[in-house]
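This is what each chain is made of:
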Amino acid sequence: MTHPLRVAVIGAGVAGLAAARSLRREGLDVVVFEKSNHLGGTWSYDPRTDSDPVGLDPNREVVHTSLYRSLRTNLPRQLMGFLDYPFPNRNNGDPRTFPGHEEVLWFLNRFSDEFGLRGLTRFGSEVVRVELVSEKSDSWVVESRRNRDSVLTREVFGAVVVCTGHFTQPRLPTIPGIEKWPGYQIHSHNYRVPEPFQGQIVVVIGFASSAFDISREIAKVAKEVHIATRSPDVKVMKLANHDNMWQHKMVKCVSEDRLVAFDDGSSVYADVLFYCTGYKYHFPFLETNGIVTIEDNRVGPLYKHVFPPALAPWLSFIGIPEKEVIFQMTELQCKWVARVLSGKVLLPTEKEMMAYVEEYYQQMEKDGFPKHMTHYLHFKEIGYCNWLAAKAGLPPIEHWRDEMYLESIKPVLLGLQDNYRDQWDDAHWKAIIKDASLPQNV
Ligand code: FAD
């Protein structure tokens, strides 16, 4: 009798939990390593923050999650569940279409209990090293440290699935003069509540979801909030419906007297520079002899953002793409990986996968996307998910999901409608979803 493949899953967030379920369903022997004492990853709110608010100190104490206390999902709940395990309305829970973060954690706990995933998880076990047993081997040594007593354990696994998330390591812009700027600097990773910004003049850099939400929340207590963005269409102006919010082009430079100058020629004396500038991929435990590298936020080479061709299928990454319907994409990646590891689906040869990666890079360059956007799907999410679905033996994604995703990101992309979450047209979407679930030939 042959033993099932032993697979180490690193992380018990959305990706790790979905991976554990899929791998186990394929009959594989799964161990999930989770460095904290709970599951849910990002969705487990923690009022503590890093000891360095911008994350430059390599020896700082790091808190994994970047959730702020008031956070509500930026996607409607219909897109916050798995395709085969939807996000329900919790009895006596948050009735809103865009629920608070507590509801997402509740959902992930329910999912774990339903599929017995807690029993597969070693809580309080941080993976500190992953490396091939030897150059010629396909197996991996996984070294983990138990938080409780710092005991190190080394074990051999046939495959490793990395599910450690990528919203913890702040990414900062380069700003001329910043080393002498005397104000307070913070990255959104370390934002929890608005009160510390009472009466302050705050410059928020960034234009994605976090910048949108945080700038508006801070504006309720701050003296002034100035949003700086690289977005090409932005002109300096006061925001409609706000007495104390302005938008500007990107920060050009800062100086010793607290001045922050913008590319549009405007400037302000500010107390706080608030970076909503995204995150860096970071896998400090991974030793691949240079086969997998991170350059300018490109993790590569990765075939379809999942498998490094030279180490496939025995090493894989779940959840790398950005700007996505994360639950659905993660679930499909996991199902594909599980089918590959169980031998049901074959990967192309290493050479073919490398050729695909090269072609992808060239196409990105031709389309004018910089390297650090390698894992943005550039509005090709639906094609990517349908490709994964086919590999996982599933039908294509229902069309309404794509439409709903595009509709929900519009307010943030266009900087419109502060309270877009509460203006959502539930009746319209209910009708669309109902229609889509009817047999099409009726
Ligand atoms: P994570 O949730 O980060 O989980 C990774 C896990 O790995 C953690 O539990 C961590 O402790 C563990 N880990 C890390 N390193 C190790 C190690 N060495 N050893 C052992 N364990 C380790 N997505 C949405 O779909 N909708 C939203 O509205 C939304 N809002 C967001 C708001 C914010 C502020 C942020 C930061 C993200 C948001 N996201 C949202 C994206 C969100 O991160 C994903 O939904 C999802 O949590 C990603 O799951 P993950 O499992 O890939 O990573």
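Preceding this section is the structure that the text describes.
Residues numbered from 1 in each chain as written. Predicted model: local features only at pLDDT ≥ 70, side-chain atom pairs only at ≥ 80, totals over all residues. Heavy atoms only, no water.

Help me understand the sheet that holds strand β14 (residues 251–254), please; the structure alone is not making it clear to me.
Within a sheet, neighbouring strands are paired by backbone hydrogen bonds and run either parallel or antiparallel to one another. With antiparallel pairing, three strands are arranged side by side in an open sheet as β14-β15-β16. Looking at which strands have only one partner, the edges of the open sheet turn out to be β14 and β16 (267–269). The average angle at which neighbouring strand axes cross in this sheet is 20°, direction not considered. Sheet topology note: the β14/strand β15 (residues 259–262) ladder contains three bridges and is antiparallel. Paired with V254 across the strands is V260, a residue of β15. (Pairing = 2+ DSSP bridges. Helix = DSSP H or I, 4+ residues; strand = E, 2+ residues; numbered from the N terminus. Axes fitted to C-alpha atoms, helices over the stretch in contact; angles between N-to-C directions.)

Which parts of the structure should I look at to understand the site of the ligand?
Around the ligand sit 28 residues, and of these A15, E34, T42, H64 and N74 come closest. T42 is positioned such that a nitrogen or oxygen atom in its backbone is 2.8 Å from an oxygen atom of the ligand. For the ligand, a nitrogen atom lies 2.9 Å from a polar atom in the backbone of V127. Elements with a minimum of two residues in the shell around the ligand: α1 (14–25), β2 (29–34), β4 (125–132) and α4 (326–341). It is β4 that contributes the most residues to the shell around the ligand, three residues altogether. Residues belonging to the shell around the ligand are distributed by class as follows: 14 nonpolar, 11 polar and three charged. (Near = heavy atom within 4 Å. Polar contact = N/O pair within 3.5 Å; in protein donor to acceptor, adjacent residues only side chain to side chain. Nonpolar A, V, L, I, M, F, W, Y, C, P; charged D, E, K, R; others polar.)

How should I be thinking about the packing of aromatic side chains in this particular structure?
Aromatic rings considered in pairs are described by the distance between their centres and by the relative angle of their planes. Enumeration according to the criterion identifies 27 aromatic pairs in this entry. Stacked on the ring of F82, the Lys or Arg R21 has its end atom at 6.0 Å from the ring centre. Here the basic side chain of R21 rests over the ring of F115, its NZ or CZ set 4.8 Å away from the ring centre. (Phe/Tyr/Trp six-rings, centres within 6.5 Å; stacked < 30°, edge-to-face > 60°. Lys NZ or Arg CZ within 6 Å of the ring centre and 35° of its normal.)

Please clarify how the pairing of strand β7 (residues 159–162) should be interpreted in this entry.
Two faces belong to every sheet, and in a regular strand the side chains alternate between them. The alternating pattern of β7 places A159 and V161 and V160 and V162 on opposite faces, both of which are buried. Note that strand β1 (residues 6–10) and β7 share four bridges and pair parallel. The residue of β7 that forms the bridge with V7 is A159. (Buried < 20%, exposed > 50% of the residue type's maximum accessible area, 1.4 Å probe, protein only.)

Quick question: what am I supposed to make of the pattern of salt bridges here?
Side-chain pairs of opposite charge can arise where the charged atoms are in close proximity. In total, this model carries 24 salt bridges according to the counting rule given. A salt bridge links D113 to R118, with the nearest nitrogen and oxygen atoms 2.9 Å apart. Close ionic contact of D271 with R258 constitutes a salt bridge, the shortest N to O distance being 3.7 Å. With a gap of 13 residues between them, D271 in the loop between β16 and β17 (272–275) and R258 in the loop between β14 and β15 connect regions that are remote in the sequence. Among the charged side chains, a network of salt bridges with common partners joins R21, R25, D84, E331 and K335. (Salt bridge = Lys/Arg side-chain N within 4 Å of Asp/Glu carboxyl O.)

How should I be thinking about the side chain of H101 in this particular structure?
Along the chain, the position of H101 falls in helix α2 (residues 101–114). Accessibility expressed as a relative area gives 4% for H101, which makes it buried. In this view, H101 contacts W43, Y45, L67, Y68, R69 and L71; residues no more than four positions away in its chain are not counted. (Contact = heavy atoms within 4.5 Å.)

Mind showing me how you'd approach unusual backbone geometry here?
One can expect most non-glycine residues to show negative phi and most peptide bonds to be in trans. With an omega dihedral of -5°, the bond running from G300 to P301 counts as a cis peptide bond. Mapped onto the fold, P301 is located in the loop between β21 (298–300) and β22 (315–317). Its identity as a non-glycine residue notwithstanding, H305 has a phi of 65°, on the positive side.

So what exactly am I meant to see when it comes to α1 here?
Every α-helical turn comprises 3.6 residues, leaving residues that sit three or four positions apart pointing alike. With 12 residues, α1 ought to run about 16 Å at 1.5 Å a step, and its terminal C-alpha atoms sit 17 Å apart, in line with that. α1 sits mainly inside the fold: 10 of its 12 residues count as buried. Within α1, the full set of buried residues consists of V14, A15, G16, L17, A18, A19, A20, R21, S22 and L23. Looking at the buried positions of α1, the neighbouring elements they touch are β1, β2, α2, β7 and α4. (Expected span 1.5 Å × (residues − 1).)

Whenever I open this one, the pairing of strand β6 (residues 152–157) confuses me. Can you help?
Pairing between strand β5 (residues 140–146) and β6: six bridges, direction antiparallel. Directly across from V142, in β6, lies its bridge partner E155.

How should I be thinking about a nonpolar patch on the surface in this particular structure?
The grouping of F379, L406, L413 and L414 at the surface amounts to a nonpolar patch, some 410 Å² of accessible area in total. Mapped onto the elements, F379 comes out in the loop between α5 (350–366) and α6 (381–391). On the basis of relative accessibility, which here comes to 57%, the residue F379 falls in the exposed class. (Patch = residues over 30% accessible without salt bridge, like charges linked within 9 Å, V, L, I, M, F, W, Y side chains within 5 Å. Areas by Shrake-Rupley, 256 points an atom, 1.4 Å probe, with all protein chains shown as cover.)

When you look at the nonpolar core in this model, what are you seeing that I'm missing?
Here is a general trend for soluble globular proteins: nonpolar side chains tend to be buried in one another's company. Grouped together as the largest cluster of nonpolar side chains are 85 residues, with contacts concentrated most on L23, V161 and F274. Of all the elements, α4 adds the most residues to this core, at nine residues. With near-sequence residues (within four places) excluded, L23 lies in contact with V7, V9, L28, V30, V161, A338 and L341. Counting residues in hydrophobic clusters, the runner-up holds 22 residues, among them A8, V31, F285 and F317. (Core = buried A, V, L, I, M, F, W, Y, C linked by side-chain atoms within 4.5 Å.)

Quick question: what am I supposed to make of the side chain of S125 here?
By the element assignment, S125 lies in strand β4. If we ignore the near neighbours within four places in the chain, the residues touching S125 are F33, E34, K35, S144 and R145.

Is there a simple way to think about the sheet that holds β6 in this case?
Sheet architecture is open: four strands sit in the order β6-β5-β4-β19, paired in mixed fashion. The sheet is open, and its two borders are formed by β6 and β19 (286–287), each paired with just one other strand. In the sheet, β4 pairs with β5 via seven bridges, with the strands oriented antiparallel. Note that in β5 the partner of V130 across the bridge is V142.

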